[in-house]
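Each chain, letter by letter, is given below.
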Amino acid sequence: MRTVIFRSIAPFLTSLMVLFSIFVLLRGHNEPGGGFIGGLIAASALAIYGIACGVAAVRRAIYFHPMALSAFGLFMATVAGVLSVFASVPFMSGLWTYPVIFGVELALSSVLVFDVGVYLVVVGAIGSIALGLEEGDRD
Amino acid sequence: MSAAAPGTTLLVLMLPFLAALIAPWLTRRLGHNAAWVLALAPAAIFIHFLGFAGEVADGGVVTGGFAWVPSYNVSFSWLIDGLSLTFVLLISGIGALIMLYSGGYLKGNDQLGRFFSFMLLFMGAMLGVVISDSFLMLFVYWELTSITSFLLIGFDHTREASRRAAIQALVVTGGGGLALLAGLLVIWNITGVSQISLLLSYGDDVRASPFYLLALFLVLGGAFSKSAQFPLHFWLPNAMEAPTPVSAYLHSATMVKAGVYLLMRLNPVLGDTAWWETILPVFGGATLLVGTLLAIRQTDLKLMLAYTTVSSLGLLVMLTGFGSEHAIAAAVLYLVAHSLFKGALFMVAGLIDHESGTRDVTRLGGLRKAMPITFIAAIAAAISMAGLPPFVGFLAKEEIYYALWATNPWALSFVAVAVVGNALMFVIGFAVAIKPFFGPEVKTPKSAHEGPVLLWLGPLTLGIAALLAALVSPFTHRFISSPMASAVAGKAEIVTISLIPHLGPALILSLVTVALGVIFYRMLDQLRAGMVWLLSAIGWGPDRGFDQLIAGLVRLSVAVTRFVQPGRLEIYMTVTFLMVAAALIGPMAWYGEWPAMPVWPADAQFHELVVIAIAFIGLLAVIYARDRLTAIVSLGIQGFALALIFMLFGAPDLAFTQFMVETLAVVILALVMTRLKLTSADHRPTGRKLIDLSVALACGTGFMLYLMAVTQQPFNTALSEFFSAYSKVVAHGTNVVNVIIVDFRGTDTLGEIAVVMVTGLAILSLIRIRSLRAGEIADNDPDQLGPDQNGKVN
């Protein structure tokens, strides 16, 4: 699998896929997409990069252990739920705010934080399984 | 102080837990002198609750608390009446002394901070047990005492005996706690109330209920295990593996009385029936006799005291079971007296051990001159234990005989039990208090001298308290005995007994007891030899029974695991898929509700047919693939075709996810395959293939029929209309699927991603285990197994 073509294309392919996964994550609220699908795309990106260039390169690239990403995602999702308790509404109610930055109105919400959490959990969990299996390939 | 705000009481109840948090830090700073600071916590609790004494003595009941889970009517609430107040004062008062004593006893132990923490945690739990008004709060604290007791018994965790004793105590008392929970739930169901203060007026309902016996047995299971009633008594003497402060506090003065507390608390609800008045006295009486007889056999000071604790608990249960006015007064007095003298005697035993290096009664003697203060405390406690004036133990014993005396055979047999039991306790009390101090001086492992103030302060204070309680008995009765007896009886009671002896059967029985005691004391060595012979002749006891039970449980679970997990993947998968097929097809066959065959759609478009054809080709490719990799990729073709179908029929989110899942599944399956070093082709024998084929067909048919049946139901549009209408308005999103996932049903998603993460962790560790062991375990390599044992991949 480690052909020259594949190895040369893989970094570009991976970056595109990760970028696309973030795009899918962010558009998810109004059009097809969301944290779960985005996470799956990013996990595939990691798997492809791992197959092409070796697991060590992936681990260097993402810096954190994928399981730590996953745990942080779960933490973010929980925090997004708990936030609403401080706003005196039931657990996990969506909170919205519309700040204007550089003249553009942004819709930020605890729901977005939650979705990013889902994304990270999926990337981390699936990614670490894939990387773990790929690592076994070579020992 | 009285009528304090609920907030203050809550804070006071949390105080031990807070102190437990700072204890290790404080101990690092101050060493064993941290005891002086930490003892302030129980002292503050004592003073706070003393403020309620006046109100409670006037017949008042203080309740308070906070809502906990209001939707289930569960609250964090307390009930302060005569019964709980007496217990709280005993726990916090003796607790303060024990904290000091621990500081002296474990001075220099590098785990002292941890020890203080455990003790304070236990104290908080025990306070919670006796003050809880709500059933569930009672149960939580009840189990917490079991857990802290486990930690304390196993404190010296490098010794196997400690660990065994700790586990034994946890299994017995924790198991009893579960019975108690069930019992409380039964009572909750019968009456509909979950608070003790409300429950007290429902006694008749509970007694008349058909479930009365069930509730009674379950509650007794909890109380008898905690209070070490025969035949569950064995854990208590084993718990003496704990450091002596623990034995003095948990296993004599407080925790083991939780069972008695529970019986006293529920006496107005469960009591006054033939069952209650039979079971309790019989078990209590048996425990009393067995405990004292076993105590005679021992030569270890702590074990002698431990067995008399068992018998005292038996006496208390027996008296509670009689339930008459005087029996309750006697139980109340004896409970207070016992906490004082037994706590003191345990501390004395620890003190002797600490200063002389042994606690074997046959190797001690003549310590009177070396340890004068200890001697005074020991004698005071022993006199109280023996039931002699002018100590509170005398009042208790007089009241016991007064309560028990009657001339029918049933009562007389219990009088006999009580007299023999008391006489034997008289013997043990003096054996502990006199044997080590009188007689010729014996050479001990350490040269004995008086211990530091931290050590003798506790026993001396308790000894003096036992004296004072009797000397000012009107005062004691007004503030302690009468309110407590009233709470136990469920109606106003007045305890009047004083030190002035009354002529009558009670006094005569007392004299008989003393005479018997003196005779037994002189024959102590012969009695001990007799008991040793008798026990070795019997050769089996509940203690060994416990070991056999645990060994049996282990064997059973091994057998069950062997049966459920034979270790062959193909069996797991076959069983799982068979179950799935049965769950799908079974109900349809049972009710005869097969779906109708759908008609071929007349308006099928060409491109739709092409997609279906692709799916079908993928399927054939899976079946006819020569090697596994081709099969896996072909499975991907089939999945992609399915995703296209989703796309064509207006479910882009689903299609999107299906694409990604298919891609990842193919990648991961391929990786797993190379990882497992499977041979590339499939070598299953024909028989096996036929079985797998039929299981696969059954599953597939099942899913097909199920989907057909579902889609043939009239479509309920309520949910889709709701989400279309509110998705934008409420959740500010137009993608209904995503809005449901992250907003409307966000809590579900939170649970699901937690599962995803945990599953990932589990898989990761499985991979790790394999790669670590890959070199060591040759027979784990599937290539070396027979051809029929190759694991299936999908």
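Thresholds applied
- Residues numbered from 1 in each chain as written.
- Chains lettered and ligands numbered in written order.
- Predicted model: local features only at pLDDT ≥ 70, side-chain atom pairs only at ≥ 80, totals over all residues.
- Helix = DSSP H or I, 4+ residues; strand = E, 2+ residues; numbered from the N terminus.
- Buried ≥ 20, exposed ≤ 12 C-beta atoms within 10 Å, placed from the backbone.
- Contact = placed C-beta atoms within 7 Å.
- pLDDT = per-residue confidence, 0-100.
- Nonpolar A, V, L, I, M, F, W, Y, C, P; charged D, E, K, R; others polar.
- Domains from an automatic or database assignment.

Asker: Is there a simple way to explain the overall build of chain A in this structure?
Answerer: Assigned secondary structure in chain A consists of five helices and four strands. Secondary structure elements of chain A occur, N-terminal to C-terminal, as α-α-α-α-β-β-β-β-α. In terms of overall dimensions, chain A has a C-alpha envelope of 55 × 30 × 25 Å along the principal axes. Expressed as a percentage of its 139 residues, the buried residues of chain A come to 47%. A fraction of 68% describes how many contacts in chain A between residues 6 or more apart in sequence connect residues 24 or more apart.

Asker: I tried to follow the confidence of the model for chain A on my own but got confused; where do I start?
Answerer: Reading fine detail from the predicted coordinates is not recommended where pLDDT is low. Of all residues in chain A, 96% have pLDDT values of 70 or greater, and the mean over the chain is 86. Taken element by element, the predicted model of chain A shows its lowest mean pLDDT in strand S3 (residues 104-105) of chain A (76) and its highest in helix H1 (residues 4-27) of chain A (91).

Asker: Help me out: how do you make sense of the confidence of the model for chain B in this one?
Answerer: All names here are of chain B. Mean pLDDT over chain B stands at 85; residues scoring 70 or higher make up 96%. Low pLDDT (under 50) marks residues 777-794, which in the prediction has 30 contacts with non-local residues, meaning those over four places away or in another chain. This complex was scored by the predictor with a pTM of 0.72 and an ipTM of 0.90.

Asker: Explain unusual backbone geometry to me, please; I cannot follow it from the model alone.
Answerer: With the exception of glycine, the majority of residues adopt a negative phi angle, and the majority of peptide bonds are in the trans configuration. Residues and elements named next belong to chain B. Residue Pro231 is bonded to the preceding Phe230 through a cis peptide linkage, with omega at 5°. The amide bond that connects Pro389 to the next residue, Pro390, takes the cis arrangement and shows omega of 5°. Along the chain, Pro390 falls in the loop between helix H18 (372-386) and helix H19 (392-404). Positive phi, normally seen in glycine, also occurs at Ala228, with a value near 55°. The residue Ala228 is located in the loop between helix H11 (212-226) and helix H12 (235-238) in this model. Although it is not a glycine, Asp272 adopts a positive phi angle of roughly 65°. Mapped onto the elements of the fold, Asp272 is located in the loop between helix H14 (258-270) and helix H15 (274-297).

Asker: I'm lost on the interface of chain A and chain B in this one. Help?
Answerer: A common way to express how large an interface is: the accessible area buried when the components associate. Each partner contributes to the interface: chain A provides 43 residues, whereas chain B provides 39 residues. Within the residue set of the side of chain A that touches chain B, elements represented by two or more residues are helix H2 (35-53), helix H4 (66-86) and helix H5 (110-138) of chain A. A total of 17 residues in the side of chain A that touches chain B trace back to one element, the largest contributor, which is H5 of chain A. Classifying every residue of the side of chain A that touches chain B gives 25 nonpolar, 13 polar and five charged.

Asker: Is there a simple way to think about the domain arrangement of chain B in this case?
Answerer: Assigned domains within chain B: domain 1 (322-522) and domain 2 (526-565). Using C-alpha coordinates to define each centre, domain 1 of chain B is positioned 34 Å away from domain 2 of chain B.

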